[in-house]
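# Commentary on secondary and tertiary structure
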Amino acid sequence: MKAIAEADQFAGSLGAADGAAAANQHIDASGMRVDRRRVRGRASAINPAGRFEALARVEVDDGWQSLEDLPPFKTEVQVERARTVITRNQSPDISFDRSINPYRGCEHGCVYCFARPTHAYAGLSAGVDFESRLFVKPDAAKLLEKEITRAGYEPRTIAIGTNTDPYQPIEREWMVMRSILEVLERHNHPVGIVTKSALVVRDADILARMAEKGLAKVALSVTTTDRMLARTMEPRASTPTKRLEAIKALSAVGVPCSVMVAPIIPGLNDHEIEKILDAAAAMGATQAGYVLLRLPLEVAPVFKEWLLRHYPERYRHVMSLIRSMRGGKDYDSEWSKRMSGTGPYAWQIARRMEMACKRLGLSARGKPLRADLFVRPKPAGEQLELL
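All of the points below concern the structure found in this document. Sequence order as written defines residue numbering, which begins from 1 separately in each chain. Since the coordinates come from a predicted model, pLDDT governs what is reported: local features require at least 70, and pairs of side-chain atoms require 80 or more to be given and counted, while whole-chain, interface and lining totals use all residues. Side-chain metrics rest on all non-hydrogen atoms present in the structure, leaving aside hydrogens and water.

### A short note on the overall build of the chain
A run of H or I in DSSP counts as a helix once it spans at least four residues, and a run of E counts as a strand once it spans at least two, with each numbered from the N terminus. Each helix and strand counted, the chain has 13 helices and 10 strands in total. Atoms counted for the radius of gyration: C-alpha only. Globule rule: 2.2 Å times residue count to the power 0.38. The C-alpha radius of gyration computed for the chain amounts to 22 Å, which stays within 12% of the reference 21 Å derived for 387 residues, consistent with globular compactness. Here the C-alpha coordinates of the chain stretch approximately 80 × 50 × 35 Å along the principal axes. Only the protein chains shown count as cover for residues, with accessible areas throughout obtained via the Shrake-Rupley method and a probe of 1.4 Å. Within the structure as shown, the chain displays about 18500 Å² of accessible surface, and the carbon and sulfur contribution to it stands at 53%.

Spelled out as structure tokens, the structure:
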């Protein structure tokens, strides 16, 4: 990551155009960037070793032009045999205390994804590896049923899609999310879903039945309405238009929908806040929220390299605004600050969201989902009740 840090210094010490050019030249010379032909359709163009690895890796031409013979990165899926599927948290700045992640890694490849650093725990990179080397939990539904069967389990809303997207492209084949919803519906367990994929509409039948009982809601994340920006920033996610259409389709069958303007990247997509909210409200969204761009650990260099590659003329301005909301740093992980930032620019974003939501009748907090309808599964081997 040293090359990205040095490139950042070049970009900041020279004029906007000269600094960005020097920064890009430095990254190219370092060997960090993967040949663009190998990462076509991916957001990240670097694949540095995970932070726990002893050795770093770079691509260096040895004079035999062998780099040209390397194959493109292809999506690989590995089965993960997890022992449990419900993840608990005690974070004071999010509204749920449990979640499920059917997959690790995400083929959507959003360059800003704060989950990228989790790939280091598997010895993989937060760069291209995160987008192409995926893990699936095919037994997730069985594990879920087992966990909610345990004595003393108290039902509360399970959040799905808070780390990696449950409706990423490989869900079409594995259908893990569908099987999870079937378990939740069978036992009247509340669920909240966050996704960037129109594939969620496939499960509208289950979601509509659950929503009728007050057990389900869906949030579609819409980062931009600019198709070209979306294509470079989140290359394998559904297009913004498809996501808005998904809000309309789900709302039409009674599923409460919200729109997440997330992440807001100052100097890049923050001018679209009102436009996104207007479009989502017109499609039937009743709730809205936002999250400021987060750059923890390896996300910062991945995002910086992408910004230098696609929007070099904006690099200094964007990074300056980000740091103005993060106490002069790339990121501040402190509770109550990590989602919304601090300072005048962060305050302005919050007020714009507040005013637009008020104008459109979008609430910040929707109606709580019900947990009183939960039907506790009977443990395997338990004697059935007599009729």
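Still to come is the rest of the account.
### With respect to helix α7 (residues 204–212)
For an α-helix, the turn length of 3.6 residues means that residues three or four places apart are oriented alike. Categorising residues by exposure relies on relative accessible area from a 1.4 Å probe, with only protein chains included: less than 20% of the type maximum marks a residue as buried, more than 50% marks it as exposed, and the intermediate range marks it as partly exposed. Along α7, the positions that sit buried rather than exposed are Ala204, Ile206, Leu207, Ala208, Met210 and Ala211. When checking whether two residues touch, look at their non-hydrogen atoms; a contact exists if any pair is within 4.5 Å. Buried residues belonging to α7 abut α6 (176–186), β7 (191–195), β8 (216–221) and α9 (240–252). Looking one or two residues past α7, Gly214 carries a phi angle of roughly 80°, positive in sign.

### Some thoughts on helix α4 (residues 140–149)
Across the 10 residues of α4, seven count as buried, placing the element largely inside the fold. If you check which residues of α4 are buried, you get Ala140, Ala141, Leu143, Leu144, Glu147, Ile148 and Thr149. Buried residues belonging to α4 abut β2 (86–88), β3 (98–100), β6 (158–160) and α6.

### Here's the deal with the pattern of salt bridges
A carboxyl oxygen of Asp or Glu within 4 Å of a side-chain nitrogen of Lys or Arg is what we treat as a salt bridge. Considering all chains together, one arrives at 31 salt bridges under this definition. A salt bridge links Arg352 to Glu274; its shortest N-O distance comes to 2.8 Å. Of this pair, Arg352 sits in helix α13 (residues 344–360) while Glu274 sits in helix α10 (residues 273–282), and the two are 78 residues apart along the sequence. Here Glu274 falls in the partly exposed class, since its relative accessible area comes to 25%. Lys304 is the salt-bridge partner of Asp330, the closest N and O atoms lying 2.7 Å from each other. Of this pair, Asp330 sits in the loop between α12 (315–324) and α13 while Lys304 is found in helix α11 (residues 299–310), placing the two residues 26 residues apart along the sequence. By relative accessible area, which is 19% here, Asp330 ends up buried. Note on Lys304: relative accessible area 8%, which makes it buried.

### Quick word on the environment of Ala82
For Ala82, the location among the structural elements is in the loop between β1 (76–79) and β2. In this structure, the C-alpha to C-alpha distance between Ala82 and Gly341, residues 259 residues apart in sequence, is 35 Å. Leaving out residues up to four positions away in the same chain, Ala82 has contacts with Lys137 and Leu143.

### Some thoughts on the sheet that holds strand β4 (residues 103–104)
A pair of strands counts as paired when DSSP detects no fewer than two bridges linking them. In space, the three strands of this open sheet follow the order β1-β5-β4, with mixed pairing throughout. If you trace the sheet from one side to the other, it starts and ends with β1 and β4, each paired once. Relative to strand β5 (residues 133–136), β1 runs parallel, the two being bridged by four bridges. Directly across from Val77, in β5, lies its bridge partner Leu134.

### With respect to the nonpolar core
Across soluble globular proteins, nonpolar side chains have a tendency to be buried as a group. Remark: nonpolar core denotes a set of buried residues (Ala, Val, Leu, Ile, Met, Phe, Trp, Tyr, Cys) joined through side-chain atoms within 4.5 Å. Counting 61 residues, the largest nonpolar core has Leu144, Leu181, Leu184, Leu207, Leu250 and Leu277 as the members making the most contacts within it. With sequence-adjacent residues up to four places away left out, Leu250 is seen in contact with Val200, Val201, Ala204, Leu207, Val218, Leu220, Val255 and Cys257. In this structure, Cys113, Leu268, Leu307 and Met319 belong to the second largest nonpolar core, which totals 36 residues.

### Notes on the packing of helix α1 (residues 2–13) against helix α2 (residues 16–30)
Axis definition: a line fitted to C-alpha atoms, limited for helices to the stretch in contact. Angles are taken between N-to-C directions and run from 0 to 180 degrees. Look at α1 against α2: their axes get within 7 Å of each other, and the N-to-C directions meet at 160°. The pairing of α1 with α2 is recorded here as roughly antiparallel in orientation. At the point where α1 passes α2, the crossing takes the right-handed sense. Between α1 and α2, the residues in contact are Ala3, Ile4, Glu6, Ala7, Phe10 and Ala11 and Gly19, Ala20, Ala22, Ala23, His26, Ile27 and Ser30, respectively. Classifying every residue of the contact of α1 with α2 gives nine nonpolar, three polar and one charged. Each angle is binned into one of four classes, with values under 35 degrees roughly parallel, values over 145 roughly antiparallel, values of 65 to 115 roughly perpendicular, and all other values oblique. Here a crossing is called left-handed whenever its near helix is offset anticlockwise from the far helix by less than a right angle, and right-handed whenever the offset is clockwise. By the convention adopted, Pro, Cys, Tyr, Trp, Phe, Met, Ile, Leu, Val and Ala count as nonpolar, Lys, Arg, Asp and Glu as charged, and the other residues, Gly among them, as polar.

### A closer look at the sheet that holds β8
Spatially, seven strands are ordered β2-β3-β6-β7-β8-β9-β10 in an open sheet, and the strand pairing comes out mixed. Pairing within the sheet leaves two strands with one partner each, and these edge strands are β2 and β10 (287–292). In this sheet, neighbouring strand axes are inclined to one another by 25° on average, regardless of whether the strands run parallel or antiparallel. As paired strands, β2 and β3 are joined by three bridges and run antiparallel to one another. Opposite Ile86, over in β3, you have Ile100 as the bridge partner. Of the strands in this sheet, β8 and β9 (257–264) are in contact with α9, which crosses β8 at around 165°.

### Considering the pairing of β8
Within β8, five of the six residues are buried, which leaves the element mostly enclosed by the surrounding structure. Pairing analysis gives five bridges linking β7 to β8, with the strands arranged parallel. Residue pairing in the sheet places Val191 in a bridge with Ala216 of β8. The parallel pair β7 and β8 is bridged by α7, and the resulting crossover is right-handed. For β8 and β9, the ladder comprises four bridges, and the chain directions are parallel. Considered in β9, the bridge of Ala219 is made with Ser258. Every crossover in which the path from the first strand over the helix to the second runs clockwise, viewed with the strands pointing away from the viewer, is termed right-handed.

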